[in-house]
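# Analysis of the macromolecular model
Here's the letter readout for the chains.
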Amino acid sequence: MTNSPSTETKRKTIDLVNKNLAKRYRAEKRFRYYGLASIAFGLLCLLVLFTDIIGKGHSAFLQTEVVLEVYFDADYLGIEDASNSAQLAGANFDGLVKKTLRERFPEVKNRREKRELYGLVSSGSGYQLQQLLSQKPELLGTTQKVWLLADDDIDAYYKTRDKAEGAFTGRVQGNKLQWTEALVADGAVRTTFNTTFFTNGDSREPETAGIRGAMMGSLFTLLVTLALSFPIGVAAAVYLEEYAPKNRLTELIEVNINNLAAVPSIIFGLLGLAIFINFFGLPRSVPLVGGLVLTLMTLPTIIISSRAAIKAVPPSIREAALGIGASKMQVVLHHVLPLAMPGMLTGTIIGMAQALGETAPLLMIGMVAFIVDIPGGVTEPATVLPVQIFLWADSPERAFVERTSAAIMVLLAFLITMNAIAVWLRKRLERRW
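Read on for an overview of the structure. In this text, all values refer to a predicted model and were calculated from it rather than measured experimentally. (Residues numbered from 1 in each chain as written. Predicted model: local features only at pLDDT ≥ 70, side-chain atom pairs only at ≥ 80, totals over all residues. Heavy atoms only, no water.)

## So, the packing of helix H17 (residues 385-393) against helix H18 (residues 398-429)
Taken N-terminus to C-terminus, the directions of H17 and H18 make an angle of 160°; their axes are 9 Å apart at the nearest point. The orientation of H17 with respect to H18, classified from their angle, is roughly antiparallel. Crossing geometry of H17 relative to H18 is assigned as left-handed. Contact with H17, carried on its side by Leu385, Pro386, Ile389, Trp392 and Ala393, involves Phe400, Arg403, Thr404, Ala407, Ile408, Val410 and Leu411 of H18 and no other residues of that element. Class assignment for the residues of the contact of H17 with H18 results in ten nonpolar, one polar and one charged. (Axes fitted to C-alpha atoms, helices over the stretch in contact; angles between N-to-C directions. Helix = DSSP H or I, 4+ residues; strand = E, 2+ residues; numbered from the N terminus. Parallel < 35°, antiparallel > 145°, perpendicular 65-115°, else oblique. Left-handed = near helix turned anticlockwise from the far one by under 90°. Contact = heavy atoms within 4.5 Å. Nonpolar A, V, L, I, M, F, W, Y, C, P; charged D, E, K, R; others polar.)

## Here we look at empty space enclosed by the protein
Within this structure, the stated rule accounts for one cavity of 30 Å³ or more. Approximately 40 Å³ is the volume found for the largest cavity. In this structure, the largest cavity is lined by Ser218, Thr221, Leu222, Leu294, Ala355, Leu356, Glu358, Leu362, Val384 and Pro386. At the level of elements, helix H10 (212-243) and helix H15 (328-356) are the ones that each hand at least two residues to the lining of the largest cavity. Of the residues forming the lining of the largest cavity, the biggest block, three residues, is contributed by H10. Here the lining of the largest cavity is built from residues that sort into seven nonpolar, two polar and one charged. (1 Å grid on protein atoms, 1.4 Å probe; cavity = no way out; pocket = protein on both sides within 12 Å on 5 of 7 lines; lining within 4 Å. Points joined across faces, edges and corners; volume = space filled by probe spheres on them.)

## Structural notes on the environment of Ser134
By secondary structure assignment, the location of Ser134 is in helix H6 (residues 125-135). The partly exposed category is assigned to Ser134, whose relative accessible area is 34%. Along the sequence, Ser134 and Gly290 sit 156 residues apart, while their C-alpha atoms lie 36 Å from each other. Polar contacts involving the side chain of Ser134 include one to the main-chain carbonyl oxygen of Gln131, which spans 2.7 Å. (Buried < 20%, exposed > 50% of the residue type's maximum accessible area, 1.4 Å probe, protein only. Polar contact = N/O pair within 3.5 Å; in protein donor to acceptor, adjacent residues only side chain to side chain.)

## Points about the layout of surface pockets
A volume near 810 Å³ is recorded for the largest pocket. Lining the largest pocket are 30 residues, with Gly124, Tyr127, Gln128, Thr196 and Asn200 positioned closest to its centre. Looking at the lining of the largest pocket residue by residue, the classes come out as ten nonpolar, 16 polar and four charged. Forming the walls of the second largest pocket are 18 residues, and the residues nearest its centre are Leu219, Leu222, Leu356, Phe414 and Met418.

## Brief notes about a nonpolar patch on the surface
Together, Tyr33, Tyr34, Leu36, Ile39, Leu43, Leu46, Leu49, Phe50 and Ile54 make up an exposed nonpolar region whose accessible area comes to about 910 Å². Mapped onto the elements of the fold, Phe50 is located in helix H1 (residues 5-57). A residue is classified by how much of its surface remains accessible, and Phe50, at 30% relative accessible area, is partly exposed. (Patch = residues over 30% accessible without salt bridge, like charges linked within 9 Å, V, L, I, M, F, W, Y side chains within 5 Å. Areas by Shrake-Rupley, 256 points an atom, 1.4 Å probe, with all protein chains shown as cover. Salt bridge = Lys/Arg side-chain N within 4 Å of Asp/Glu carboxyl O.)

## Topic: the nonpolar core
Formed by 40 residues in total, the largest nonpolar core has its most connected members in Phe197, Ile211, Val289, Leu362, Ile365 and Trp392. Every element with two or more residues in this core is listed here: H10, helix H12 (265-279), helix H13 (287-311), H15, H17 and H18. The contact partners of Leu362, leaving out residues within four places of it in the chain, are Gly290, Leu294, Met367, Val384 and Val387. Of all hydrophobic cores here, the second largest spans 35 residues; its members include Leu77, Val108, Tyr158 and Val189. (Core = buried A, V, L, I, M, F, W, Y, C linked by side-chain atoms within 4.5 Å.)

## Let's talk about helix H4 (residues 93-104)
With twelve residues, H4 extends 17 Å between its outermost C-alpha atoms, agreeing within 8% with the 16 Å of an ideal straight helix rising 1.5 Å per residue. Every buried residue belonging to H4 is among Phe93, Gly95, Leu96, Val97, Thr100 and Leu101, and all of these are buried. Looking at the buried side of H4, the elements it contacts are strand E1 (62-71), helix H2 (74-77), helix H3 (85-90), helix H5 (111-118), H6 and strand E2 (143-149). For H4, the N-terminal capping position is held by Asn92, with its side-chain oxygen 2.9 Å away from the main-chain nitrogen of Gly95. (Expected span 1.5 Å × (residues − 1).)

## Focus on the packing of aromatic side chains
Tallied over the entire structure, the rule returns eight aromatic pairs. Put simply, the rings of Phe61, Phe193, Phe197, Phe198, Trp392 and Phe400 touch in pairs and so form one group of aromatic residues. It is Arg32 that lies over the ring of Tyr33; its NZ or CZ is 5.9 Å from the centre. Taking the ring centre of Trp147 as reference, the NZ or CZ of Arg190 above it sits at 4.0 Å. (Phe/Tyr/Trp six-rings, centres within 6.5 Å; stacked < 30°, edge-to-face > 60°. Lys NZ or Arg CZ within 6 Å of the ring centre and 35° of its normal.)

## Quick word on unusual backbone geometry
The phi dihedral of Ser285 is positive, around 55°, even though this residue is not glycine. By the element assignment, Ser285 lies in the loop between H12 and H13. On the basis of relative accessible area, Ser285 is assigned to the buried category, the value being 5%.

Below, the structure written as structure tokens:
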């Protein structure tokens, strides 16, 4: 008995369908594997990047110090009253450091060897002694053991001297190497937590360079940005969603807002240079101008996220409020805004995180200047953390390499924290309708 033509046709059709389904399933499986491979590759690249940054930068959080027995000689320093700031400012503390080093190594006689000897400690050691005496005037005329910052070459050598592959000697050669090993043998060298990295401003000497000035500059810049961008962005979003008529003008505004979100950040820097500095005459390299520029850059992000949050509020909320006699403004202020605020805050934090990591627009308005002093307000000269990283990355000293990586680690910690707060706020405050 043979199969009927209709049955044979059905069987072929079923076989063809099964074959196509199997082919589709294989394609879907390959696509899933491709996606997993892409994610794994991205995570691997991220791991390599973080490993490289942490490997280069972790040592910057430790600082090498050298102890010297310093005699605070009143006659040598020319100080009669250690509480007199004018006398302290005019005292020769640098000479006192050199004198102490010569007493520690009396065999050093010629001028070249003395220059090498003075390079064992930081050029800012005299300032350390000045600060110590200003805090404790009773030390005048006494001999004290003082831990002074080591020179950056000594610092790099001492941090690597115990490694199996050998120490990074660099410029620590000959007599300088012998003197360093003699200090190590006497227990006169140690590593401690590098507090100066977080308390000092920028410096041309790596061992005294810190990020406090850049952090304060970033703080003041972000405060200006937040104070301007959040109320303006929320007000613009409320107007466009709740009050603006739907016509060509508002459509043009919406299109331009969306386009501004994709404009390269350096364009905003050029705009700030042309308007705020050249036209209005505001000073360069101040957080006020930086905040104004970053406000222009952050506004589209805040407006777009705020509009999305307002759209997510169900129309029934508005209708219920209107139904019990609330005005349009009361509906917006008392019902829509409180419910949309979690989404608005999330978008604002993401915008602030983006502004924190920006460098190009701030370079255009002069925030690349070498600033040593810690800024005390929005109108004082300052730099920001990304620009500080840019400046240090261009420095040839090896010690600046580790400080660059350490500053990147600090910046990444801030960015990760801000994004984590945004995620937490969204999970904690959002409502599902």
